[in-house]
Amino acid sequence: MADISANIVFSEQINRILTLPSPLQKLDDALFTKHGIDVFVKRDDLIHPEISGNKWRKLKYNLLDAQNQGVRQIITFGGAYSNHIYATAASGKYFGFETIGIIRGDELSENSSETLRFAAECGMKLHFVSRTAYRTLRENPASRNTFSHSKLIPEGGTSPLALGGVGEMVDEIVQQLGQAPDYIFCPVGTAGTISGIIAKTTPKTKVIGVCVLKNGQYLLNEIDNLLEVSNVNRVQNPVNVNLEILWNEHHGGYAKKTPELFDFVSKFNAEHDFEIEPIYSGKMFFAFYKNFLTMIKPQSKVILIHTGGLQGFIH
Ligand SMILES: Cc1ncc(COP(=O)(O)O)c(C=O)c1O
């Protein structure tokens, strides 16, 4: 992986633009005290209002790679509500890249969502394509010949280069906590975030993912591939020992919400000094509160990763 310190301009830009390390905030609840556990939230949502959460973590080494190769144009993919499109467009604006967004749906325009409007305002050039063309462009490199001078970042920002940035979040946690945590919980969408966490944790830490999609079991292969390509040491990181994914906490599927989830998120937001949203962090927090008594051993230190995405959350 490229050495960030060698790129002084990029390091200085990061320090100027972003809040890092993100805070680690204790989450107080009488139920946690009674069960004898300490729960902390890694507030990656505070990294930047427009490049928040796991989006920055996953983009960092992709952007550095583009800079080091002298590539000034980024091309990426997403839907009308994609947090990744939003964050990539903002990164282009702040870090001085041209950005191109291939958007799923040729019936859409830049006025179809707040996300697309914001991306266009940041200067992202939006290409609206049919679902079929989207799949071809995403999966077949030859179909992207016209963009051959661009750096490609896959949908959701998930690529082998994403793992390094996520791993830095784990380093921050260990430093802030003064030890490796016993559990890390995170939401799982395309599995880049959880792969980066697995790559950086030892068997002391159990990594628990909450899959926000229905039938997401195919993501286990994706995790395997990402770790393989990233050369993760499987002896140090025996995936099967310290990984568990909750597959049935999706509330009906991606972006679907049950009344229970909606009530939980509203109540949580009313009672705390920070917010969660119902698509990613809300499902993860819900699953944690529902399962901690049976899943978490007393005397443990637990981290919940707040992966941001609040800009897309309309109350
Ligand atoms: C706010 C937010 N949280 C969590 C996730 C899930 O992360 P991943 O796709 O890396 O599994 C995403 C999607 O990337 C997201 O936008």
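Everything below is about the structure shown above.
Being a predicted model, the structure only gives us computed values, none of them experimental.

A. Molecular detail of the packing of aromatic side chains. In the structure shown here, the tally under the stated rule is 18 aromatic pairs. Arranged with centres 5.4 Å apart and planes meeting at 55 degrees, the rings of Phe10 and Phe95 form a pair that is tilted. Taken together, the residues Phe10 in helix α1 (residues 8-17) and Phe95 in helix α4 (residues 83-95) connect sequence positions 85 residues apart. Residue class for Phe95 comes out buried when judged on its relative accessible area of 2%. When the ring of Phe185 is compared with that of Phe288, the centres are 5.0 Å apart and the planes differ by 80 degrees; the resulting orientation is edge-to-face. Separated by 103 residues along the polypeptide, Phe185 in strand β7 (residues 183-188) and Phe288 in helix α12 (residues 281-295) bring together distant segments of the chain. The class of Phe288 is buried, set by a relative accessible area of 0%. Clustering of aromatic rings is evident, with ring pairs tying together Phe32, Phe185, Phe264, Phe268, Phe274, Phe285, Phe286, Phe288, Tyr289 and Phe292.

B. The site of the ligand, seen in detail. Taken together, 16 residues lie near the ligand, and Lys55, Lys58, Thr190, Thr193 and Thr307 sit nearest. Alone, the ligand offers 380 Å² of accessible surface; in the complex the protein occludes 97% of this. Listed by contribution, the elements that provide at least two residues to the shell around the ligand are α3 (54-68), β7 and α8 (192-200). Its residues placed into classes, the shell around the ligand shows four nonpolar, 10 polar and two charged.

C. Main features of the environment of Ala191. In this fold, Ala191 is placed in the loop between β7 and α8. If we ignore the near neighbours within four places in the chain, the residues touching Ala191 are Leu219, Glu222, Ile223 and Leu226.

D. Quick look at the side chain of Asn242. For Asn242, the position within the fold is in helix α10 (residues 239-242). The exposure class assigned to Asn242 is buried, which follows from its relative accessible area of 4%. Of the polar contacts made by the side chain of Asn242, one reaches the backbone oxygen of Thr202; its length is 3.3 Å.

E. Quick look at the pairing of strand β3 (residues 73-78). Of all six residues in β3, six are buried, a share of seventy percent or more. With burial as the criterion, each face of β3 is covered, one bearing Gln73, Ile75 and Phe77 and the other bearing Ile74, Thr76 and Gly78. Handedness of the β3-α4-strand β4 (residues 98-104) crossover: right-handed. As defined by bridge partners, β3 adjoins strand β6 (residues 151-153) across three bridges and the pair is classed as parallel. Bridge pairing links Thr76 to Ile153 in β6.

F. Structural detail: the sheet that holds β4. Read across the sheet, four strands follow the order β5-β4-β3-β6 without closing on themselves; strand pairing throughout is parallel. If you trace the sheet from one side to the other, it starts and ends with β5 (125-129) and β6, each paired once. Across the sheet, the mean angle from the axis of one strand to that of its neighbour is 20 degrees, orientation sign disregarded. In this structure, β3 lies alongside β4, joined through six bridges in parallel fashion. Residue pairing across strands places Gln73 opposite Glu98, the latter belonging to β4. Along the sheet face, α4 touches β3, β4 and β6 and points at about 165 degrees away from the line of β3.

G. The arrangement of the pairing of β5 in detail. Strand direction decides the pairing type here: β4 and β5, joined by five bridges, are parallel. Residue pairing across strands places Ile103 opposite Phe128, the latter belonging to β5.

H. Highlighting the sheet that holds strand β2 (residues 38-43). Across the sheet, which stays open at both edges, the six strands sit in the order β1-β2-β10-β7-β8-β9 with mixed pairing between neighbours. Both outer strands of the open sheet, β1 (24-26) and β9 (243-246), are each paired with one neighbouring strand and no more. Averaged over all pairs of adjacent strands, the angle between their axes in this sheet comes to 25 degrees, without regard to strand direction. Across six bridges, the pairing between β7 and strand β8 (residues 206-211) is parallel. Bridging from a neighbouring strand, Phe185 pairs with Ile208 of β8. Packed onto the sheet, α8 meets β7, β8, β9 and β10 (301-306) and runs at close to 175 degrees relative to β8.

Scoring rules and cut-offs
Residues numbered from 1 in each chain as written. Predicted model: local features only at pLDDT ≥ 70, side-chain atom pairs only at ≥ 80, totals over all residues. Heavy atoms only, no water. Phe/Tyr/Trp six-rings, centres within 6.5 Å; stacked < 30°, edge-to-face > 60°. Helix = DSSP H or I, 4+ residues; strand = E, 2+ residues; numbered from the N terminus. Buried < 20%, exposed > 50% of the residue type's maximum accessible area, 1.4 Å probe, protein only. Near = heavy atom within 4 Å. Areas by Shrake-Rupley, 256 points an atom, 1.4 Å probe, with all protein chains shown as cover. Nonpolar A, V, L, I, M, F, W, Y, C, P; charged D, E, K, R; others polar. Contact = heavy atoms within 4.5 Å. Polar contact = N/O pair within 3.5 Å; in protein donor to acceptor, adjacent residues only side chain to side chain. Right-handed = clockwise from strand over helix to strand, strands pointing away. Pairing = 2+ DSSP bridges. Axes fitted to C-alpha atoms, helices over the stretch in contact; angles between N-to-C directions.

Remember that the coordinates give geometry; whether it matters functionally is a separate question.
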